[in-house]
Amino acid sequence: MNNIVNGLGSGLLHSGLVLIMALLLIHITRKVLIRLNYSRIIILRLWLAVPVSLLVCFVAMKWPVGQYYIEPMTLRFPPQVQALSQSGWFDIDWTLALLLVWMIAASWKLSRLIHQYVKTKNTFLKHIELMHVEGHHNVYSSDLDVSPMAFGLLKPMIVVPQKLISRLTQSELQLVILHESIHCRRADPLWRFALACLNGIYWFLPGFNFSREAFIEDQELACDEQVISQSQQLSVYAQLLLSLNRNQTRRAPNETVYCSASFNLKERIMKLNQVNKKKHQTSIISLFLLSAFAISSWSAMAQVVTDNGGDIVLTPTHRASPMYPFTAVKEKISGQVTVEFTVSKEGRVINAKAVESEPADIFDKAAVKAIEQWTFKPIRKETQARQVIEFALGDE
């Protein structure tokens, strides 16, 4: 149980560290490219580094690289005999407690997100009607007071409010449908929902809301660029966004579960004339960033050993004495426990577990708890070790 808890906690922290490093690097690179007036289509591809870095991180955790083991060494250390009273209220496994807090918060956030999606989907299904648009089979009109949007994870649909249809010209309606169809082809609603799920899982990481806003902005501005590129109707599209901006009473809610055309209209209108089509560098930038994130993720998780020569000597700097279980003192029971554990490069004990004990289950917890408090001098390589602790009562 302790190994599962420690493994889950370690994996969560390591993957969270990789994720925050990826997001930080995305924001830095993104700011530079925006300042250089690069196309948002290129900038949007930077976000692929998030799934790539997490994937490499989890692969590295499942198949660790270059981990070095030596033959288990036995250190004999006579424990200080102490009578252990009944466990008090403050005898808490803090790792398990923190994991429970994380699990409760993550479960609440994810269940709330799923409920929000299901509720929105059910509402739309009651208030939409299929429109017959040439070249599109997923365009629906709605009597709801919403902005044009792309909604749905696996088979996204385009929803256009009826009151807007009556005000738009045929050319403007085609531009609205083109914008939302680009969202559907790129699976933008699914990517947006996935980022919201990551926000729920890694709720303890700072700056996630800022990342979500930046990601949505890149999606919308990249769509605007593609609409202008495909339609060649810059002035008509600018007028369309102005019209949507004038008729927008408030920002659309729940933008984590759909792509709304009402997002940040003022800034989008201002940036329509600032598109710089540097398309030839798209693949170079994407490949560079994906490679950089993959290498950084692998380096964060893998323990690569470059020096295999020489023996490892474990030198304890602190050895905590095990507590003698109260029941064993009362019944005058003696015994011993063999504990296997890993010593990190920093000299900390991790993954301690009882592998042999006589008698069984009497002294295991006390022995493991003592070993977990031991520290060693720093070593070159993560090393497996073994400790035999003997429990014996003195003569009365």
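Thresholds, definitions, all that
Residues numbered from 1 in each chain as written. Predicted model: local features only at pLDDT ≥ 70, side-chain atom pairs only at ≥ 80, totals over all residues. Heavy atoms only, no water. Helix = DSSP H or I, 4+ residues; strand = E, 2+ residues; numbered from the N terminus. Buried < 20%, exposed > 50% of the residue type's maximum accessible area, 1.4 Å probe, protein only. Contact = heavy atoms within 4.5 Å. Areas by Shrake-Rupley, 256 points an atom, 1.4 Å probe, with all protein chains shown as cover. Expected span 1.5 Å × (residues − 1). Axes fitted to C-alpha atoms, helices over the stretch in contact; angles between N-to-C directions. Parallel < 35°, antiparallel > 145°, perpendicular 65-115°, else oblique. Left-handed = near helix turned anticlockwise from the far one by under 90°. Nonpolar A, V, L, I, M, F, W, Y, C, P; charged D, E, K, R; others polar. Lys, Arg positive; Asp, Glu negative; His and termini not counted. Salt bridge = Lys/Arg side-chain N within 4 Å of Asp/Glu carboxyl O. Polar contact = N/O pair within 3.5 Å; in protein donor to acceptor, adjacent residues only side chain to side chain. Pairing = 2+ DSSP bridges. pLDDT = per-residue confidence, 0-100.

**Student:** Could you give me a rundown of the overall build of the protein chain, with the residues and numbers involved?
**Tutor:** Each helix and strand counted, the protein chain has 13 helices and eleven strands in total. For the protein chain, the proportion of its 396 residues judged to be buried stands at 42%. When contacts within the protein chain are restricted to residue pairs at least 6 apart in sequence, those whose partners lie at least 24 apart make up 77%. Here the protein chain has roughly 21,900 Å² of accessible surface; of this, 59% comes from carbon and sulfur atoms.

**Student:** Residue-level account of helix H4 (residues 94–126), with values.
**Tutor:** In a regular helix each residue adds 1.5 Å, so 33 residues correspond to 48 Å; H4 covers 48 Å between its end C-alpha atoms and thus fits that length. Those residues of H4 lying buried are Leu99, Trp102, Ala105, Ala106, Leu113, Tyr117, Thr120 and Phe124.

**Student:** Can you tell me about the packing of helix H6 (residues 170–185) against helix H8 (residues 208–231), naming the residues and giving the values?
**Tutor:** Their axes nearest at 9 Å, the elements H6 and H8 cross at an angle of 125 degrees. Of the possible angle classes, the one that applies to H6 and H8 is oblique. At the point where H6 passes H8, the crossing takes the right-handed sense. On H8, the residues that touch Leu175, Leu178, His179, Ile182, His183 and Arg185 of H6 are Gln219, Glu220, Cys223, Asp224, Gln226, Val227, Gln230 and Ser231.

**Student:** How would you summarise the packing of helix H7 (residues 188–201) against H8 if you had to cite specific residues and measurements?
**Tutor:** One way to put it is that H7 packs onto H8 with a least axis distance of 10 Å and a crossing angle of 175 degrees. By the angle between their axes, H7 is roughly antiparallel relative to H8. Facing Asp188, Trp191, Arg192, Leu195, Leu198 and Asn199 of H7, the residues of H8 in contact are Phe208, Asn209, Ser211, Arg212, Phe215, Ile216, Gln219, Glu220 and Cys223. Among the residues making up the contact of H7 with H8, the classes are represented as seven nonpolar, four polar and four charged.

**Student:** Can you lay out helix H13 (residues 364–371) for me, pointing to particular residues and giving the numbers?
**Tutor:** When you tally the buried positions in H13, you get six out of eight residues, the bulk of the element. Listed in full, the buried residues belonging to H13 are Asp364, Ala366, Ala367, Val368, Ala370 and Ile371.

**Student:** Break down the side chain of Asp364 for me, with residues and values.
**Tutor:** With respect to the helices and strands, Asp364 occurs in helix H13. In this structure, Asp364 is buried with no salt-bridge partner, the nearest side chain bearing the opposite charge being Lys365 at 12 Å. Within polar-contact distance, the side chain of Asp364 engages the backbone nitrogen of Asp361 at 3.5 Å. Dropping the residues within four chain positions of it, Asp364 is found in contact with Val337, Ala354 and Ser357.

**Student:** Before we move on, could you go through the pairing of strand E8 (residues 335–343) and cite the residues and values that matter?
**Tutor:** Most of E8 is tucked away: eight of the nine residues are buried. The pairing of E8 with strand E11 (residues 383–391) spans nine bridges and is classified as antiparallel. Looking at the pairing, Gln336 lines up with Glu390 of E11. Of the strand pairs in this sheet, E8 and strand E9 (residues 349–358) are connected by seven bridges, and their pairing is antiparallel. Directly across from Gln336, in E9, lies its bridge partner Glu358. Where E8 folds back onto E9 in an antiparallel hairpin, the turn is made up of five residues, including Gly347, whose phi is positive at roughly 95 degrees.

**Student:** Let's hear about the confidence of the model for the protein chain: which residues, and what values?
**Tutor:** Counting all residues, the mean pLDDT for the protein chain is 76, and 72% of those residues have values of 70 or more. Ranking the elements of the protein chain by mean pLDDT puts strand E1 (residues 74–76) last with 42 and H7 first with 91. In this model residues 301–310 is a low-confidence stretch, pLDDT under 50, and it forms 22 contacts with partners more than four residues away in sequence or in other chains.

**Student:** Describe the pattern of salt bridges, naming the residues involved and giving the relevant values.
**Tutor:** Following the criterion strictly, the structure yields ten salt bridges and no others. For Arg186, the salt bridge identified is with Asp188, shortest N-O distance 2.6 Å. Residue Asp188 is classed as buried on the basis of its relative accessible area, which comes to 3%. The shortest N-O distance in the salt bridge between Glu340 and Arg386 comes to 2.3 Å. In this pair, Glu340 is assigned in strand E8 and Arg386 in strand E11, connecting sequence segments 46 residues apart. Judged by relative accessible area, which is 22%, Arg386 ranks as partly exposed. Put simply, Arg30, Arg40, Glu217 and Asp218 are held in one network by salt bridges that share partners.

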